[in-house]
Amino acid sequence: MPYVVDFKDVSTVGLESSPVAEALAGLRANEGRYYRTKYDHVFTVSPASDVPEVVDRVNRILKEERDIVISSRPLEATAFEVDGLRMDYVFFESGLSVNVMYSIEDGGKRAVGFKLAEGMEIPEELAPRFKFARQKSKLAGVIRGSYFVIKGEY
């Protein structure tokens, strides 16, 4: 069942099995606030098992672009379009959030972003390859993030 992310009353709904559920909920709420403010888009997520095509697309891009396989279990996912961009998000049990920003028009911005919920270690599959910048968030505490540019066509 889809869940509309509330960034005023942050909830761990759908994320309870994560060891950093509170921080991951804050990270998810932070994303919800961003899309609401910037694009007037209501950020809605579903259990990952309800949207396997989103999880598969994100996993395929990670594998084909950088030979990355995320070992953590996906909990929630969403896909939507805003302002000419197709956005895919997967929230993992470890506290990792992966998003794919893919411009619908050729030559536009296309990238994969990683965000780590406060309290989680950098995943083994990402640690040697990426440096993570820190960002403070009222909803999520300290978010660490990194990204890479997508080179292929998906």
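For the structure itself, look to the data block above.
Structure report, in brief. Quick caveat: nothing in here was measured; it's all calculated off a predicted structure.

Re helix H1 (residues 21–39)
Step number 1: For H1, built from 19 residues, the straight-helix expectation of 27 Å at 1.5 Å per residue is met to within 8% by its first-to-last C-alpha distance of 26 Å.
Step number 2: All buried positions along H1 are accounted for by Ala21, Ala23, Leu24, Ala25, Gly26, Leu27, Arg28, Ala29, Asn30, Glu31, Gly32 and Tyr35.
Step number 3: Where H1 ends, the next residue or the one after it, Asp40, has phi of about 55 degrees, a positive value.

Comments concerning the nonpolar core
Step number 1: In terms of nonpolar packing, the biggest core is built from 47 residues, with Phe43, Leu62, Leu96, Val98, Val112, Phe114 and Leu126 touching the most fellow members.
Step number 2: With sequence-adjacent residues up to four places away left out, Phe114 is seen in contact with Leu62, Ile68, Leu96, Ser97, Val98, Leu126, Phe130, Phe132, Arg144, Gly145, Ser146 and Phe148.

Details of the pairing of strand E6 (residues 110–116)
Step number 1: Within E6, seven of the seven residues are buried, which leaves the element mostly enclosed by the surrounding structure.
Step number 2: Residues of E6 alternate between two faces, with Arg110, Val112, Phe114 and Leu116 on one and Ala111, Gly113 and Lys115 on the opposite face, all of them buried.
Step number 3: Sheet topology note: the strand E5 (residues 96–103)/E6 ladder contains seven bridges and is antiparallel. The partner of Val100 across the bridge, within E6, is Val112.
Step number 4: Linking E5 back to E6 in an antiparallel pair, the connection comprises six residues, with Gly107 at a positive phi of about 85 degrees.
Step number 5: In the sheet, E6 pairs with strand E8 (residues 141–149) via six bridges, with the strands oriented antiparallel. Following the sheet pairing, Val112 is matched in E8 by Phe148.

Definitions and limits used
Residues numbered from 1 in each chain as written. Predicted model: local features only at pLDDT ≥ 70, side-chain atom pairs only at ≥ 80, totals over all residues. Heavy atoms only, no water. Helix = DSSP H or I, 4+ residues; strand = E, 2+ residues; numbered from the N terminus. Expected span 1.5 Å × (residues − 1). Buried < 20%, exposed > 50% of the residue type's maximum accessible area, 1.4 Å probe, protein only. Core = buried A, V, L, I, M, F, W, Y, C linked by side-chain atoms within 4.5 Å. Contact = heavy atoms within 4.5 Å. Pairing = 2+ DSSP bridges.

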